[in-house]
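Topology and contacts: notes
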Amino acid sequence: MTNQRAPLVVLLVLCVGGFTYLFGPVDPVPRLHASAESPDGEVTVKVYRKRVSLRPPEVVVLARVYDRRGGLLLEKRVFSDGGWYDAEWMFRRITFEGGEIRIGPKYAPGEYVAIRAEEYTVAR
């Protein structure tokens, strides 16, 4: 009986694998993509990536800013596009410069998304 089901199982695995290869993973749960803590330890920034839809394919990158106790200060959508695999290498670097949080790079090495301190300090 087990030998009769083996071709069906192989076919199912190949179909799921092919679907995932063509369309990317079907995963609407935000997955941690990058994380950093400010030099003074006041805030922690976590960048999450999640797939919103298959057709049309849409990937969303979220930035969440937390205070030192872990309370959420700000959640901001920093990117939305159709390239699941392109978003893999994007938004991996988080820096704290001149009173703002810079998350990037986006498409070009010098292209960043900035979150000003006023955006998350007002939320406190």
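Everything that follows concerns the structure shown earlier in this document.
Rules behind the numbers
- Counting restarts for each chain: residues are numbered from 1 in the order of the written sequence.
- Predicted model: local features are reported for residues with pLDDT of at least 70 only, side-chain atom pairs are reported and counted for 80 or more only, and whole-chain, interface and lining totals are derived from all residues.
- The side-chain quantities take in all heavy atoms of the structure and omit both hydrogens and water.
- Secondary structure follows DSSP: runs of H or I at least 4 residues long count as helices, runs of E at least 2 residues long count as strands, and numbering of each begins at the N terminus.
- Only Phe, Tyr and Trp rings are paired, with Trp represented by its six-membered ring, and only when their centres lie within 6.5 Å; those with planes under 30 degrees apart are stacked, over 60 edge-to-face, the remainder tilted.
- Think of it as a cone above the ring: NZ of Lys or CZ of Arg counts as a charge over the ring if it is within 6 Å of the ring centre and within 35 degrees of the ring normal.
- Note on pairing: DSSP must find at least two bridges between two strands before they are called paired.
- A fitted line through C-alpha atoms represents every axis, and for helices the fit uses only the stretch in contact; the resulting angles, taken between N-to-C directions, go from 0 to 180 degrees.
- What qualifies as a polar contact is a pair of N or O atoms within 3.5 Å, subject to a donor-acceptor requirement within protein and to the restriction that residues adjacent in sequence count only when both atoms come from side chains.
- We call two residues in contact when some of their heavy atoms are within 4.5 Å.
- Here, a salt bridge means any side-chain nitrogen of Lys or Arg that lies within 4 Å of a carboxyl oxygen of Asp or Glu.
- Throughout this description, buried means an accessible area under 20% of the type-specific maximum (1.4 Å probe, protein chains only), exposed means over 50%, and partly exposed covers the range between.

The omega torsion of the bond from G104 to P105 falls at -5°, within 30 degrees of zero and hence cis. In this fold, P105 is placed in the loop between β6 (100-104) and β7 (113-116). Non-glycine residue F91 carries a positive phi angle of around 60°. Position of F91 relative to the elements: it lies in the loop between β4 (72-81) and β5 (93-97).

Moving on: the packing of aromatic side chains. Scanning all chains against the criterion turns up one aromatic pair. Between the aromatic rings of F79 and F91, the centroid separation amounts to 5.3 Å while the plane-to-plane angle is 50°, which identifies the pairing as tilted. In this pair, F79 sits in strand β4 while F91 sits in the loop between β4 and β5, placing the two residues twelve residues apart along the sequence. The aromatic ring of Y66 is capped on one face by K46, whose charged end is 5.6 Å from the ring centroid.

Looking now at the sheet that holds β5. Taken in spatial order, the three strands make up an open sheet running β5-β6-β7, and their pairing is antiparallel. Only two strands of the sheet have a single partner each, and these edge strands are β5 and β7. Shown here is a sheet whose adjacent strand axes are inclined to one another by a mean of 20°, direction ignored. The pairing of β5 with β6 spans five bridges and is antiparallel. Across the sheet, I94 pairs through a bridge with I103, a residue of β6.

With that out of the way, let us pick up the side chain of S38. Considering the arrangement of structural elements, one finds S38 in the loop between β1 (31-37) and β2 (43-53). A polar contact is formed between the side chain of S38 and the backbone nitrogen of E42, at a distance of 3.2 Å. Discounting chain neighbours no more than four positions away, the residues touching S38 are V43 and F96.

Before going further, it helps to examine the pattern of salt bridges. Within the structure shown, the criterion is met by seven salt bridges. In this structure, E119 and K76 form a salt bridge, with 3.2 Å as the shortest nitrogen-oxygen distance. Here the residue E119 occupies a position in helix α2 (residues 117-121), and K76 occupies one in strand β4, the gap between them amounting to 43 residues. The partner of R116 in a salt bridge is E119, and the shortest N-O contact between them spans 3.8 Å. Judged by its relative accessible area of 22%, E119 is partly exposed.

Once that is clear, we can look at the sheet that holds strand β3 (residues 58-67). The strand order across the open sheet built from four strands is β1-β2-β3-β4, with neighbouring strands paired in antiparallel fashion. At either margin of the open sheet sits one strand with a lone partner, and together these are β1 and β4. Strand-to-strand, the axes of this sheet are offset by a mean angle of 20°, without reference to chain direction. Pairing of β1 with β2, which is carried by six bridges, proceeds in the antiparallel orientation. Opposite E37, over in β2, you have T44 as the bridge partner.

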